[in-house]
Every structure is written in structure tokens, then in C-alpha cells.
Amino acid sequence: MEPPGGTPDSEDLGRAARRALWVGGLSLGLLVLAAVTLVRALGDPDDLIRLRREADPVLLVGSIVPLFGGIVFMAFRWRELLPGRERIPPWGLVGICAAGQLLNVALPGPVGEFIAAAMVRRRYGIPGTMAFAAAIHSRFVGVTTAAVLSLGIWLVVPIPMDETTRRLMLGAVIFVAASGLGLAVFAAWPQAFTWLSERTLGRGSTWRLGFLARVLARSHELGMRLTQALADLGRSFGWPHVRAAGWALVGLLSVTLGTVGASHALGHPGDPAAMAFAHASLTAGAIVLFALPVGQLGWDAAFAALLATVVALPLEHALAIAILVRLAQFLIMLGGAVVLLGEVRHLGRPSPDAAQARDG
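Rules of the game
- Residues numbered from 1 in each chain as written.
- Predicted model: local features only at pLDDT ≥ 70, side-chain atom pairs only at ≥ 80, totals over all residues.
- Heavy atoms only, no water.
- Helix = DSSP H or I, 4+ residues; strand = E, 2+ residues; numbered from the N terminus.
- Contact = heavy atoms within 4.5 Å.
- Areas by Shrake-Rupley, 256 points an atom, 1.4 Å probe, with all protein chains shown as cover.
- Phe/Tyr/Trp six-rings, centres within 6.5 Å; stacked < 30°, edge-to-face > 60°.
- Buried < 20%, exposed > 50% of the residue type's maximum accessible area, 1.4 Å probe, protein only.
- Core = buried A, V, L, I, M, F, W, Y, C linked by side-chain atoms within 4.5 Å.
- Arc of directions from axis to C-beta.
- Axes fitted to C-alpha atoms, helices over the stretch in contact; angles between N-to-C directions.
- Parallel < 35°, antiparallel > 145°, perpendicular 65-115°, else oblique.
- Left-handed = near helix turned anticlockwise from the far one by under 90°.
- Nonpolar A, V, L, I, M, F, W, Y, C, P; charged D, E, K, R; others polar.
- Salt bridge = Lys/Arg side-chain N within 4 Å of Asp/Glu carboxyl O.

So, on to the overall build of the protein. A count of helices and strands for the protein gives 16 helices and 0 strands. The contacts in the protein between residues at least 6 apart in sequence include a share of 76% that link residues at least 24 apart. In the form shown here, the protein has an accessible surface area of approximately 17,400 Å², with 68% of it arising from carbon and sulfur atoms.

Written out as C-alpha cells, the structure reads:
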């Protein structure tokens, strides 16, 4: 299985990793700068001094640990849907997921998932198309679980907020719930993609367009194989998907625990249910960014806004927690870069046949 345009070589992957780390570091720096500027412009500049003085640094650093649960349980969730998962070490997938997340920052579309699936194929012998289809199913399971959780909290827990915010959040809850259910239907019955691909890529591949026709034909073939893999996983819907949903829920709760701990460390504890609702609704709504490079600053702004409105945290506290979450994401990217470096070294070694031909 190859991403569109072919599998990147070692130089391409190394360049993408460097670019992603640069973008991630720049985004973190810009977020800190924007947060300080915003607090000074809209609030009391002394709030920053007071926040720094009253924060518990030990608890604040400790709250980063549960934030890593997002990537850890994402890997566990993916593993549940992979064929032959019994021979795949769950912790081995964590680094691969981190590498995929890193590449999604630097490359357009779901290329990170393609490369991660290729790494699973190389390491564990799982067919690449099936690994990628399982990654897509895993994404859908994660979004659907987040949508159901946000809807459940909205219906059961009386989260205090003003009427304007409540009307806006009601629309958001309806959107994320509909998105989650729609993705669940597509994951189980992806035949609509077959119909669409046959009438676009399939027809275009028959035209006399030279190189473009070959690209369209190859993309159509890949789409058909992917659709078949999705359909195979959909037909086997059952306990693997239920277990994957369980890991998705654990991941959401782990990240929520980290942000709750951070709010305590900053001296203004946030309501855990409201925190969980903010995470779940944003996770479900962020599916619109799936086909694009990660919109980090947009996600950070939306998260800080939810913490300030739904959780009712002071602005400086909401921005500080958003920075902490972004820092954890950057550390995950660093881990992904280490894993990707090992992959680059593997791709950089000539195959035995090539080495023999060169020596001969």
C-alpha cells in the first residue's frame, strides 16, 4: 500500500519530520505569545504574575502525564481493529501513532495514516490496506465515542452556562452527534465510496490523459482496495469495535484527568464533567480537520474558548491549560520523530539484492 504519489523515501520522511517539528515548535511559541498578549489586552496584567506565583509546579508537571494517554490509548484502539492483533505488541503501536501524528502536521491529507500503516506492514506483516482501513475505522470509532459522550454529558449533567453559550453549544452538540453517527454508518457501509470513485476516478482513468490517467487509475484501484478493507471490517463489526470504543473513552478520560489536574495546579479547579464535555465535543467536531494538516492554533483557540465559556475558567487559566496541552502534543511529536528516525535509517539501507548487485 502506498500513499498517493508513491511511498516517500528516507530523505522525504526526514524533511517532513524536520518541517513538522519546526511547525510544532513555532505553533507552541505563537500560542504562548498570543496568550500573554490577550491576557494583557483583555485582563489585568497582574493576573499573569499572580498565576505564576500561585501555581503548583509539581502538580502542573504531573498533570502532563495523563495528557499522553491520548496517543497511548489511540494506539490501543487501533490495535483492537487490526487483523492478527494478538501478535502485535500494543506499546509498539504507540510510537507508530506518534510518528503518524507528526507527519500529519507536515504533509497534506491523511498521509500520516498511510505511512503509519506502511510501518505496521513492515514490522508486523499486516497487509497495508487493512492496516490503513483499521486506522480509518479507529478514527471513526474515536469520533463517534466522543460524540456520544458529549451528547450524554449534555443530557445528564446540568453544566452551568449563560443562555447565549447554551444555544451555541446545543447546535455544536447536534453537529458532533450527527457527524459521529454519520461516520459510524459510513464505516459500516462504505459502498457509497465505491459508487463515487467509479464515477469520478474510474471514468477519468479511461480518458486519454497520459500520466494523469495512470494516476487516476492507480488512485481508483487503491480506493477500491481500501473500500473493500473497510467493508470487511464493517462486516466484522462486533466486540473489536466495542473494545476500541472502550479505549477511546479511556483516552478521553485520561486527557480530561490531565486538564482537571492542571486546573487544580493553577488554583482554580474546573468541573470534571464540564472538562470532559469540552474535550469530547471538540474531539468530535475536529473531524473537519482530518483531511487537512493539523490546524493547531485553531484547535488551541477553540479549546481555550470552551474552557473559558463552558468550564467558566478565568481567561489566563484557560490559556495556560491550552498551552500545557500543546506542550504535551509537542513532546509526543518529539517521540514520533525518534521513531521516524529509525524508519528513515531502515529505508536508507540498501536491500540485500541491491547491495549484491552493487558489489558485483
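From this point, the narrative continues.
Before going further, it helps to spend a moment on the packing of aromatic side chains. As enumerated under the stated definition, the model contains 6 aromatic pairs in all. For the ring pair Phe-114 and Phe-132, a centre distance of 4.1 Å and an interplane angle of 15 degrees mean the geometry is stacked. Pair noted here: Phe-114 is in helix α7 (residues 111-124) and Phe-132 is in helix α8 (residues 128-156), with a separation of 18 residues, a long-range link. Residue Phe-114 shares its accessibility class with Phe-132, and that shared class is buried. Aromatic ring contacts, followed pair by pair, group Phe-73, Phe-76, Trp-91 and Trp-247 into a single cluster.

With that settled, consider the nonpolar core. Counting 47 residues, the largest nonpolar core has Trp-78, Leu-82, Leu-93, Ile-96 and Val-120 as its most contacted members. Sorting the residues of this core by element identifies α1 (10-42), α5 (69-81), α6 (90-106), α7, α8 and α15 (315-348) as the ones contributing at least two each. The biggest single contributor to this core is α6, with 9 residues. Leave out the neighbours within four places in its chain, and Leu-82 touches Ile-88, Leu-93, Val-120, Ile-126, Ala-131 and Ala-134. Listed in part, the 45 residues of the second largest apolar core include Leu-48, Leu-149, Ala-304 and Ile-321.

Looking now at helix α2 (residues 46-54). Residues of α2 that are buried include every one of Asp-47, Leu-48 and Leu-51, and no others. Each buried residue of α2 sits inside an arc of 100 degrees when the element is viewed along its axis, so together they form one side.

So, about the environment of Leu-149. Looking at the secondary structure, you find Leu-149 in helix α8. Overall, Leu-149 belongs to the buried group, its relative accessible area being 19%. What Leu-149 contacts, discounting residues up to four positions off in sequence, is Leu-249, Leu-252 and Ala-280.

This part covers the packing of α8 against helix α13 (residues 272-285). One way to put it is that α8 packs onto α13 with a least axis distance of 8 Å and a crossing angle of 140 degrees. Taken together, α8 and α13 sit at an angle that is classed as oblique. Considering how the two elements wind past one another, α8 and α13 form a crossing that is left-handed. Along the contact surface, α8 presents Val-143, Ala-146, Ala-147, Leu-149, Ser-150, Ile-153 and Trp-154, while α13 presents Ala-273, Ala-276, Phe-277, Ala-280, Ser-281, Thr-283 and Ala-284. Class assignment of the residues belonging to the contact of α8 with α13 gives a composition of 11 nonpolar, 3 polar and no charged.

Turning next to the packing of α8 against helix α12 (residues 239-265). Two elements in contact, α8 and α12, have axes separated by 9 Å at closest approach and are oriented at 60 degrees. Accordingly, the angle class assigned to the pair α8 and α12 is oblique. Considering the relative orientation of α8 and α12, their crossing is right-handed. Along its contact with α8, which presents His-137, Val-141, Gly-142, Thr-145, Ala-146 and Leu-149, the element α12 presents His-241, Ala-244, Ala-245, Ala-248, Leu-249 and Leu-252. Per-class residue counts for the contact of α8 with α12 are 8 nonpolar, 4 polar and no charged.

Attention shifts here to the pattern of salt bridges. The final tally for this structure, using the stated rule, is 4 salt bridges. Here Glu-113 ties to Arg-139 by a salt bridge, and the two come within 2.4 Å at their closest N and O atoms. Taken together, the residues span a long stretch of sequence, with Glu-113 in helix α7 and Arg-139 in helix α8 at a distance of 26 residues. Of the charged contacts, one joins Arg-326 and Asp-300 as a salt bridge, the two residues approaching to 2.9 Å between their closest N and O atoms. In this pair, Arg-326 sits in helix α15 while Asp-300 sits in helix α14 (residues 296-309), placing the two residues 26 residues apart along the sequence.

A positive phi angle, close to 65 degrees, is found at Ala-312, a residue other than glycine. Mapping Ala-312 onto the fold places it in the loop between α14 and α15. Relative accessible area serves as the criterion here: at 46%, Ala-312 is assigned to the partly exposed category.

It is worth spelling out the environment of Val-173 at this point. Here Val-173 is to be found in helix α9 (residues 163-188). Through-space distance from the C-alpha of Val-173 to that of Ala-147 is 7.6 Å; in sequence the pair is 26 residues apart. Each residue touching Val-173, except ones within four places of it in the same chain, is listed here: Leu-151, Trp-154 and Phe-277.

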